[in-house]
Amino acid sequence: MSILEVQNVNKSFGGLKALQNVNLKVEEGTIHAIIGPNGAGKSTLLNCLVGKLTPDTGSVTFDGVSLLGKKPYEINQTGVSRVFQTPEIFGDLTVYENVLIPCFGKRDGSFEMNALMSVNSQKDIRAKAEQMLEDVNMADKREMRASSLSRGDKRRLEMAMCLAQDPKLLLLDEPTAGMARADTNNTIALLAEIQERRHITMAVIEHDMHVVFSLAQRISVLAQGTVIVEDLPENIKGHPKVKEAYLGGAH
Amino acid sequence: MFGLNKKDSILMIAVAALALLAPFILNIFPNDSALAFFNAGYPDLMQRFVIFGIFAIGFNLLFGLTGYLSFGHAAFLGVGSYAAVWMFKLLNYNVVPAIVLSIVVAAAFSLVIGYISLRRSGIYFSILTLAFAQMMFVTAYSDLLGRWLGITLTNGETGLQVYNDDPQILLGNGPNVPHLFGLEMRAKEVWDIGPWEFTLPVGYYLCAVLMLASFYLAIRIFRSPFGLMLRAIKSNQTRLNYTGLNSKPYTLAVFVISGMYAGLAGGLLACMDPLAGAERMQWTASGEVVIMTILGGAGTLIGPILGSGAIKYLENVFSKLNEGLLHDWFGFMPDGLEGALVWVVSKFTGEGWHLTLGGLFMLVIIFLPGGLVEGGNKIRSWIQNRTGRGSPPADTASTPAE
Ligand SMILES: Nc1ncnc2c1ncn2[C@@H]1O[C@H](COP(=O)(O)OP(=O)(O)OP(=O)(O)O)[C@@H](O)[C@H]1O
Ligand SMILES: [Mg+2]
């Protein structure tokens, strides 16, 4: 059963048609990769899913509910979390505090709190935040200011923040960009494990083909705003249309 | 202790000790010494220290934590004063109902103004709060609302005060000045110890206790998940939205809390001197609390108290300085030089005090953007380096909630 269904979505910026009749179905519990050359419209598609942009026409349905017209925080409350291409983290706070925020937040958008209790008195929430940091191998950077992290670490932190929410669908925009090889491999292992253990559905935009082919169960190829192919990974490798799109987009 | 960690407990105890011993500390110079000029242990001045401390602590909850710069906070202070005087006029001079009403009225005003102003952020938010405050100032200054209702509400530019024919239905035989269940605010104990003279005013101690309570509450808010959330609002609202959290209710909540602090400060001003005037709501008064908070260190716990203390103290010293005193001080110099120096310095004292304040503010913003707290941290790590007590703590200056 598909948990996310995008049908005939169009989005233009002035005269530029960034998305044209885009269709996408993500099956529950799978990892679906979205690839394509720079400027193909991949991030725009995610923006239309999370409420940052509204499609001009078309429909977006998640878990049986339409996401169109909902505010970003309302969409998140339905269970969609996103890791951004440019990391969106709380730069002024410490790494640990960054993870605490989604741990305090509840699915309905309320914040587990009363104004006078101390952050430190919440044992279970602290334990969860610490576990999230362990999961992404960042426990040693706990007290660092998030803005001073490397780009790869920022993204791993953002991933921990999203995972802390127990999302039903995790959208990742180039999760390994800016990471060293070893961290990229750790991230692949982390995502694979999460999908296996927690059955979180994921849609991943990625340029690194090693990552794509290690993780994806299905791949959509986007070029100039349209989905040109959608198939199993083994059929995508060496697909003539895909080769053409990448070569055509290269100059 | 009391739900505070060790560091915060020490800070709380230090502030409490300073506040309770202020009448002695601030009159450290013997009464007839030349330095007695720099004493500040007078009831009026000490009361202003702690009252404006409350105002700045509350302002810092909003500005320091969320980054929303309100440029109209004096409006809440003003309505607090009016509310308190109205309690004196209607009931009696007991300060308890006056203080309670001033907080409640300020909360109501800040709820409405906050609800509307928080629809925008950044400079637009500041402009909206400024516009509201100026509208309230004009309304109070010309008593527009009162005239429209056909009553005296703010008494216009004369200011609101208590008259003999006011109802004062609970007055009975009670005192004819503000009091706490009979204990008059203006009462004081004067201790002569050797060449020293110390004044212990009742009004000051009431304000000081309320300031300590406000400070304690502020620490608790800083350290709570609510405080964490507010700092997250300042840091990155986009991430907050994509974390399923709508920041509006939290920002509004802290706006109202901070308005209530201002209302309390306004109420206390009226309790110390049962008068309320529109000038308390003017934009310069709103600007002053911004300056106090930034000068002390926005977003730090102790900053607003240091800032308000420093400004009120310097204001007192500089506006008291007159040419006669300056001639005394520079008298040892050759005549021409003396005259020139006095001429220059006198431009920055008395009426010219605001020039000094402006200059001081610029120096702090340029060289110490973290305010006095940052200055203190710099000195501390400098001393630690000099005495070779290991390396300075990793990020003294950058810990946002010191
Ligand atoms: N907010 C916007 N306003 C105007 N044009 C935009 C906007 N966002 C994206 N575009 C344009 O839409 C097209 C698709 O951009 P998008 O960011 O979706 O590409 P992408 O596939 O994510 O590329 P990359 O791999 O470089 O991240 C680009 O030509 C881009 O310039
Ligand atoms: Mg992109």
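Structure shown above.
Residues numbered from 1 in each chain as written. Chains lettered and ligands numbered in written order. Predicted model: local features only at pLDDT ≥ 70, side-chain atom pairs only at ≥ 80, totals over all residues. Heavy atoms only, no water.

**Quick word on the overall build of chain B**
For step 1, the next point in the chain: For chain B, the helix and strand inventory stands at 16 helices and six strands.
For step 2, the next point in the chain: The C-alpha radius of gyration of chain B comes to 22 Å, within 12% of the 21 Å expected for a compact globule of 402 residues.
For step 3, the next point in the chain: The C-alpha extent of chain B, read off along each of the three principal axes, is 65 × 60 × 45 Å.
For step 4, the next point in the chain: Sorting the 402 residues of chain B into buried and exposed places 51% on the buried side.
For step 5, the next point in the chain: A separation threshold of at least 6 residues defines the contact pool for chain B, and within that pool the share at least 24 residues apart is 72%.
For step 6, the next point in the chain: A total of about 18100 Å² of accessible surface is found on chain B, and carbon and sulfur atoms cover 68% of it. (Helix = DSSP H or I, 4+ residues; strand = E, 2+ residues; numbered from the N terminus. Rg over C-alpha atoms; globule rule 2.2 N^0.38 Å. Buried < 20%, exposed > 50% of the residue type's maximum accessible area, 1.4 Å probe, protein only. Contact = heavy atoms within 4.5 Å. Areas by Shrake-Rupley, 256 points an atom, 1.4 Å probe, with all protein chains shown as cover.)

**As for the packing of aromatic side chains**
Two descriptors summarise a pair of aromatic rings, namely the distance from one centre to the other and the angle between the planes of the rings.
For step 1, the next point in the chain: Scanning all chains against the criterion turns up 15 aromatic pairs over all chains.
For step 2, the next point in the chain: Ring geometry for A:F84 and B:Y242: centres 5.0 Å apart, planes at 65 degrees, overall edge-to-face. With A:F84 in the loop between strand 6 (80-83) and helix 3 (95-104) and B:Y242 in the loop between helix 9 (237-241) and helix 10 (248-272), this pair bridges two chains. This pair shows no difference in class: A:F84 is buried, exactly as B:Y242 is.
For step 3, the next point in the chain: Judged by centre distance (5.8 Å) and plane angle (90 degrees), the ring pair of B:F76 and B:F255 falls under edge-to-face. Taken together, the residues B:F76 in helix 3 (residues 74-90) and B:F255 in helix 10 connect sequence positions 179 residues apart.
For step 4, the next point in the chain: Chaining the aromatic ring pairs together yields one cluster made of B:Y68, B:F76, B:F125 and B:F255.
For step 5, the next point in the chain: The ring of B:F52 has B:K312 sitting right over it, with the charged end atom 4.2 Å from the ring centre. (Phe/Tyr/Trp six-rings, centres within 6.5 Å; stacked < 30°, edge-to-face > 60°. Lys NZ or Arg CZ within 6 Å of the ring centre and 35° of its normal.)

**What about the site of ligand 1?**
Residue and element names in this part refer to chain A.
For step 1, the next point in the chain: N38, K42, S43, T44 and Q85 are the nearest of the 13 residues found near ligand 1.
For step 2, the next point in the chain: Residue N38 places a side-chain N or O atom 2.8 Å away from an oxygen atom belonging to ligand 1.
For step 3, the next point in the chain: A distance of 2.8 Å is found between an oxygen atom of ligand 1 and a side-chain nitrogen or oxygen belonging to S43.
For step 4, the next point in the chain: The fraction of the free accessible surface of ligand 1 (630 Å²) that becomes covered by protein chains is 61%.
For step 5, the next point in the chain: For the shell around ligand 1, the element with the highest residue contribution is helix 1 (residues 42-50), accounting for three residues. (Near = heavy atom within 4 Å. Polar contact = N/O pair within 3.5 Å; in protein donor to acceptor, adjacent residues only side chain to side chain.)

**Description of helix 12 (residues 303-320) of chain B**
Helical periodicity: at 3.6 residues per turn, an α-helix aligns residues three or four positions apart in one direction.
All names here are of chain B.
For step 1, the next point in the chain: Its 18 residues give helix 12 an end-to-end C-alpha distance of 26 Å, which sits within 8% of 26 Å, the value for a rise of 1.5 Å per residue.
For step 2, the next point in the chain: Along helix 12, the residues classified as buried are G303, P304, I305, G307, S308, I311, K312, E315, N316 and V317.
For step 3, the next point in the chain: Each element contacted by the buried residues of helix 12 is listed here: helix 1 (6-25), helix 2 (43-66), helix 7 (202-223), helix 11 (283-296), helix 15 (353-367) and helix 16 (371-386). (Expected span 1.5 Å × (residues − 1).)

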